[in-house]
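This is what each chain is made of:
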Amino acid sequence: MRHIAVIGSGPAGYYTAEAAQKKWGGDVRVDVFDSLPVPYGLIRTGVAPDHQSIKAVSRRYEKTAFTDHVRFVGNVTIGSDVSITELQSLYDAVVLATGAPHDRTLSIEGADLAGVHGSAQFVGWYNGHPQFAGLDPDLSSETAVVIGMGNVALDIARILAKTTAEFEGSDIVLHALDALESSAICRIVILGRRGPHQIMMTPKELGELMHLERAAPRVDADDLPDGEEDALLEPGLRKSVAHLRSFAAIPESERADKTIEIEFDFFASPKAIIGEEGRVSGIEVERTKVEAGRAVGTGETYTIPCGIVLTAIGYRTAPIEGVPFDERAGRFANDEGRIMPGLYAVGWAKRGPSGTIGTNKPDGFGIVDLIEEDIASGALGNGGKKGREGFDALAAERGLDIVTFQDWKRIEDAENAAAREGSPREKFVDIDAMIAARGAD
């Protein structure tokens, strides 16, 4: 019997569990750990609440989670409740699928002012992550600045711009919906250090900006390269740039009845965040030019008055004591997924925050292939480890309150039952409330 521990219940974690089940059938036991009492990681707390079709991928993971060979072990924190070393002593292989839950730091003056929030915090706030549910961002100013030129920046801008009615069918949490309903923001500036040809935004997400009830996107036509240059772009980026060209062509007459503007500010590098009485009051920006694909400052600066700054500049994996970590890359140090004998990384924890949800599937199957190679070569020892049985004994000794997948389904039923009209669910945003909702065993 092979015993595998997977740390993290997001896409990378469940694809790894699925791959292990398909490879070894009944001859494997996989325990999928998560610090939260609820599974699915960024599917639940990272994917935009108005992108329900993307969240639906979790139904695939249910098929894996409900088998006898795979078990969800929620409400267990690796590091404080149980160490990696202890897990390695119990399981033949330990796979880190922890994702990249922390914001990459914006290293400029004023980044620590009140009103500056990373995207992990802000997205976690409107998605109901217990760690960020109490963020209470100040939306009382007219201008919000979003730093970044990827899809997360677009998500944030779109969520800030939508009307309450436009959230119909989404699972945005109530505290965020109430705050957005009373928001005073009417200008959203998306800052990018480079130009339109260097964006990381995809066509679908950009196209959504053309269908907002009260908001219109704006692009300065002077920031766009000559149209002939678009032919050299890969097809997806070419479509994205086509959207930017359509934004630039929107006539002012069509903007007249829009009360919110989403402004793309290209060739703009944040230099400092300005504050008054400890809070954000503006951001100093340097105009740039692109040379050999890199943004180079021109020395020309200007200031954008604003009351909130939201950074969407990338994510980092959370280090774990005793596990080698690549500080520069913001992920675990690994060789194609191998960290050390019996310890592996998969998904963002392995490669950094890149790719889509689907990218994690081949990643998970690839890690299981590596584990099989290492078992066959004897690199993982002679087996005989206690696995699930050993962990359960340790959990009982320490009084850990494990949340199972069956418990999660009761929590989910309670969230669905509490849904306001037009929403699929009302998420619990407090861990104690989640655990209480599972009911008695």
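Above this text you will find the structure in question.
This section reports on the structure supplied with the text. Not measured: the values here are computed from a predicted model.

**Topic: the state of the cysteines**
Okay, so step 1: Tallied over the entire structure, the rule returns zero disulfides.
Okay, so step 2: Here C186 stays unpaired: no disulfide links it, and the sulfur of C306, its closest cysteine neighbor, is 13 Å away.
Okay, so step 3: Residue classification places C306 among the buried residues on the basis of a relative accessible area of 7%.

**Section: the side chain of K409**
Okay, so step 1: Here K409 shows up in helix α15 (residues 405-417).
Okay, so step 2: Here the side chain of K409 touches E62 through a polar contact of 2.6 Å, side chain to side chain.
Okay, so step 3: Setting aside anything within four residues of it in sequence, one finds K409 in contact with R59, E62 and F66.

**What to know about the pairing of strand β8 (residues 187-191)**
Okay, so step 1: The buried fraction of β8 amounts to four of the five residues, a majority that puts the element mostly inside the structure.
Okay, so step 2: In the sheet, strand β7 (residues 143-147) pairs with β8 via five bridges, with the strands oriented parallel. In the sheet register, V145 faces β8, and the bridge partner there is V189.
Okay, so step 3: For β8 and strand β10 (residues 260-265), the ladder comprises five bridges, and the chain directions are parallel. Across the sheet, V189 pairs through a bridge with E263, a residue of β10.

**Digging into the sheet that holds strand β14 (residues 308-311)**
Okay, so step 1: Strand order in the open sheet made by the six strands is β6-β14-β7-β8-β10-β9, with parallel pairing throughout. Looking at strand neighbours, the two that pair on one side only are β6 (116-118) and β9 (215-219), the edges of this open sheet. Going across the sheet, the axis of each strand differs from the next one's by a mean of 20 degrees, ignoring polarity.
Okay, so step 2: Alignment of β9 against β10, held across five bridges, turns out to be parallel. Within β10, the position partnered with V219 by the bridge is F264.
Okay, so step 3: The sheet contacts of helix α6 (residues 119-127) involve β6 and β14, and relative to β6 the element is tilted by about 80 degrees.
Okay, so step 4: Each of β9 and β10 touches helix α10 (residues 235-248); the most contacted strand, β9, lies at about 105 degrees to it.

**A few points about the pairing of strand β4 (residues 93-96)**
Okay, so step 1: Alternating residues of β4 divide into A93 and V95 and V94 and L96, and every residue in both groups is buried.
Okay, so step 2: Relative to β4, strand β1 (residues 2-7) is paired through four bridges, and the arrangement is parallel. The residue of β4 that forms the bridge with I4 is A93.
Okay, so step 3: With three bridges connecting them, β4 and strand β19 (residues 343-345) associate as parallel partners. Within the sheet, the bridge partner assigned to V94 lies in β19 and is L343.

**So, the sheet that holds β1**
Okay, so step 1: Strand order in the open sheet formed by six strands is β3-β2-β1-β4-β19-β18, and the pairing between neighbours is mixed. The outermost strands of the open sheet, each flanked by one partner alone, are β3 (70-73) and β18 (338-340). Direction aside, the axes of adjacent strands within the sheet are offset by 25 degrees on average.
Okay, so step 2: Here helix α13 (residues 360-377) sits on the sheet in contact with β1, β4, β18 and β19, set at roughly 160 degrees to β19.

**Quick word on the environment of E168**
Okay, so step 1: Mapped onto the elements of the fold, E168 is located in the loop between α7 (151-161) and α8 (174-181).
Okay, so step 2: Between the C-alpha atoms of E168 and S423, which are 255 residues apart in sequence, the distance is 6.2 Å.

**Considerations on the environment of R425**
Okay, so step 1: By the secondary structure assignment, R425 is in the loop between α15 and α16 (431-437).
Okay, so step 2: Of the residues examined, R425 reaches a relative accessible area of 16% and is grouped as buried.
Okay, so step 3: Measuring from C-alpha to C-alpha, the distance between R425 and A414 comes to 8.5 Å, with eleven residues separating the pair along the chain.
Okay, so step 4: Once you skip the residues sitting within four places of it in the chain, R425 turns out to touch Q52, D171, E415, N416 and A419.

Rules of the game
- Residues numbered from 1 in each chain as written.
- Predicted model: local features only at pLDDT ≥ 70, side-chain atom pairs only at ≥ 80, totals over all residues.
- Heavy atoms only, no water.
- Disulfide = S-S within 2.5 Å.
- Buried < 20%, exposed > 50% of the residue type's maximum accessible area, 1.4 Å probe, protein only.
- Helix = DSSP H or I, 4+ residues; strand = E, 2+ residues; numbered from the N terminus.
- Polar contact = N/O pair within 3.5 Å; in protein donor to acceptor, adjacent residues only side chain to side chain.
- Contact = heavy atoms within 4.5 Å.
- Pairing = 2+ DSSP bridges.
- Axes fitted to C-alpha atoms, helices over the stretch in contact; angles between N-to-C directions.

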